[in-house]
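Here is what each chain is made of, one letter per residue.
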Amino acid sequence: MSAEPADRVHLRAEALAAEGIDVVRVTYPDLMGADRGRDILLRQLPHAVGHGLAFSRAVYHTAALGDHSYIPGGLEAGMPDVLVRPDLTTLAALPWEPGVAWCIGDVRDPATGLPVPESPRDLLRQVIGRLLDEDLTAVVGPELEYVLLDPDPDAPVGWRRYAPAPGHVYTTGRTGDPDRHLLRTLRALHALGLDVSGGNREYDSGQFELNLSHSEALDAADRAFRFKAAVRELARAEGRLATFMAKPLNDGGGSGFHVHLSLVDADGRNVFDAPREPYGLSAPARHALAGVLAHAPALSALLNPTVNSYKRFGPDTTAPWLVNWGLDNRNALVRVPPERGAAARLEVRLGDATANPYLAIAGLLAAVQLGIAAAEEPPPPMTGEGHDRGAATPLPTDLGRALGALEGDDQLIDALGKPFVDAFLTFKRDELARFQRYVTDWEFREYARLI
């Protein structure tokens, strides 16, 4: 680290100390999108920025309950280090943890100084870089849903829905949120600087949706990553569980991750807008839409990345299950909202809330770029409920099929990089294999007493 950056880091540390900060929390996203990290004393910040914090690279290959996948660079290589350096542009004081500031870290291979293939944030940077080479900037607006649960030792899973009040969709206030969870969460996320625009209770009891304002793609992914980590932490402080599972309980619907995206040129003009062209969309917008549809089966592996994800889909749900698009139609996989001009955009409704924001956005932008390069037109828009299997191809119906679709999509693999895709496929197939060996309570209830 040069003398000038070192001086700036020391000045930043002094400013933090003056604000009462004595601990810096450095986190980074793993393949699941969970936050891994370390709390360091403020006096260690210059060393962390200059040298980096050492973590085992095998953390990327570690599942939620500690199971390891055999991915190159991990266990079989002796679990070597990666170095994580705080990105001070993301530094913010934690409103609910006095004396603590939080930042995202950049992960590097200490031998080469380069990103490791499993780093989701760097994968997104690579995709964004190719768009920038074409003088295009991706603008993204994430929408995320989650379910809030109260502890209940008598419930089958140990948790029950917070504030059961059926039918209060799109409501605010104490009817569907008697403990004012949403208000506390909105204020905390605003104080953290995540640029939330608002929120409400969603379709199911205990389900909430909070929207993040549109921004450039990396910033949007950073805020979505921090949003999920912050919501989970805030719920823990309430003695509750906030889960982003696609379908956490049998008696309710699922939680989505909808991604609004557009492209602007070097002059800041939205290149998707074209009032005189079909649907009010420019050729690049229509080609981008065609690209998302063409690669939707493979994208399912990134946007619906768990065994549980596929229990959210079906004709009797509002989750898309066919490869189609529509004009202001929420039954479609890709909805084109009615706004045009600077607000012209695509809303990709494929994802569920378990998706890693970096991988989801990287995959979508790669498909957009492939679509623009192929210059193909999308099919006609769907209308109504859009459940006609003859008019559109079904999406993969389980994680195994989605992983197979990703493995078979050579163009998307080239766009994302084979080392990343190979690591992701190995990690997720290990997860699928563990599930297939597990005896569920449904199986015991269905079979044990009669046969």
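Looking at an unreviewed UniProt entry, one finds the chain named Glutamine synthetase and attributed to Streptomyces antioxidans. Recorded in UniProt under Sequence similarities (unreviewed entry), the annotation for the chain is "Belongs to the glutamine synthetase family."

Colleague: Would you mind showing me how to read the domain arrangement of the chain here?
Modeller: By a frequent convention, interface size equals the accessible area lost on bringing the separate parts together. Domain parsing of the chain yields domain 1 (6-115) and domain 2 (126-442). If you average the C-alpha positions of domain 1 and of domain 2, the two centres end up 26 Å apart. Between domain 1 and domain 2, the residue contacts involve 29 residues of the former and 21 residues of the latter. Summed over both sides, the interface between domain 1 and domain 2 buries roughly 2,000 Å², with carbon and sulfur atoms accounting for 67% of that surface. Interface area lost by domain 1 to domain 2 is led by Leu31, Trp96 and Trp102, which between them contribute 31%. At the boundary of domain 1 with domain 2, the tally comes to two salt bridges. Between Asp35 and Arg232 there is a salt bridge, with the nearest N and O atoms lying 3.4 Å from each other. Across the contact surface, domain 1 and domain 2 share seven residue pairs in polar contact (both at pLDDT 80 or more). For the side of domain 1 that touches domain 2, the secondary-structure elements that each account for two or more residues are β1 (23-29), β5 (92-93) and β6 (100-108). In terms of residue count, the dominant contributor to the side of domain 1 that touches domain 2 is β1 (four residues).

Colleague: Just to check I follow, could you spell out the packing of aromatic side chains for this structure?
Modeller: Two aromatic rings are characterised by how far apart their centres lie and by the angle between their planes. All told, the structure shown has 12 aromatic pairs when counted by the stated rule. Centroid distance Tyr28 to Phe55: 5.1 Å. Interplanar angle 75 degrees. Geometry classified as edge-to-face. Note that Tyr28 is positioned in strand β1 and Phe55 in strand β3 (residues 53-56), a separation of 27 residues in sequence. There is no split in this pair, since Tyr28 and Phe55 are both buried. In textbook terms, an aromatic cluster arises when at least three aromatic residues are bridged by ring pairs, as seen for Tyr146, Tyr162, Phe208, Phe227 and Phe244. Of note, Arg38 hangs over the ring of Phe55, and the distance from its end group to the ring centre comes to 4.2 Å. Over the aromatic face of Phe244 sits the side chain of Lys228, whose NZ or CZ is 5.4 Å from the ring centroid.

Criteria and thresholds
- Residues numbered from 1 in each chain as written.
- Predicted model: local features only at pLDDT ≥ 70, side-chain atom pairs only at ≥ 80, totals over all residues.
- Heavy atoms only, no water.
- UniProt positions renumbered as here; feature names shortened; annotations may be inferred.
- Domains from an automatic or database assignment.
- Contact = heavy atoms within 4.5 Å.
- Buried area = accessible area lost by both parts, 1.4 Å probe.
- Salt bridge = Lys/Arg side-chain N within 4 Å of Asp/Glu carboxyl O.
- Polar contact = N/O pair within 3.5 Å; in protein donor to acceptor, adjacent residues only side chain to side chain.
- Helix = DSSP H or I, 4+ residues; strand = E, 2+ residues; numbered from the N terminus.
- Phe/Tyr/Trp six-rings, centres within 6.5 Å; stacked < 30°, edge-to-face > 60°.
- Buried < 20%, exposed > 50% of the residue type's maximum accessible area, 1.4 Å probe, protein only.
- Lys NZ or Arg CZ within 6 Å of the ring centre and 35° of its normal.

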